[in-house]
Amino acid sequence: MALLEISVVPVGTGTASFSSYVDDAVKLIEKNGLNYQVTPTATVIEGDVPRLMELAMQIHQNAMSNVASRIITNICIDDRTDKQMDMLNQVQAVRDE
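Residues numbered from 1 in each chain as written. Predicted model: local features only at pLDDT ≥ 70, side-chain atom pairs only at ≥ 80, totals over all residues. Heavy atoms only, no water.

1. Here we look at the pattern of salt bridges
- The full count for this structure, using the stated rule, is two salt bridges.
- In this structure, K27 and D23 form a salt bridge, with 3.2 Å as the shortest nitrogen-oxygen distance. Of this pair, K27 and D23 are both found in helix α1 (residues 19-31), four residues apart, which corresponds to roughly one turn of the helix.
- You can call D23 partly exposed: its relative accessible area is 37%.
- Of the charged contacts in the structure, one is a salt bridge between D82 and R80, with a shortest N-O distance of 2.6 Å.
- Among the residues examined, R80 registers a relative accessible area of 31% and is labelled partly exposed. (Salt bridge = Lys/Arg side-chain N within 4 Å of Asp/Glu carboxyl O. Helix = DSSP H or I, 4+ residues; strand = E, 2+ residues; numbered from the N terminus. Buried < 20%, exposed > 50% of the residue type's maximum accessible area, 1.4 Å probe, protein only.)

Right, dumping it as structure tokens:
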């Protein structure tokens, strides 16, 4: 299982707040039945890479269909082939150090 970190930054909305975009993204993630964690600066989602990429595209396109005249979407994918990983185990590995 891979981890995808995504952040969507709307530009040209006339407000500094973008929590409604995060809420919309969370609804899409939940609709897809994937585990996720919202952080102060991004959202991390667990899944297989093709499904995560499709979801990232949905999140980006959904944000584009809102009021913003420009959307900047940043994604980072952490994918391992040598062992299984998930958000909980990745955090625990850091805490165990």
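2. What to know about the nonpolar core
- The biggest cluster of nonpolar side chains holds 17 residues, and the ones touching the most others in it are I6, I45, L55 and I59.
- Every element with two or more residues in this core is listed here: β1 (2-11), α1 and α2 (49-64).
- Take this core: its biggest share by element is five residues, from α2. (Core = buried A, V, L, I, M, F, W, Y, C linked by side-chain atoms within 4.5 Å.)

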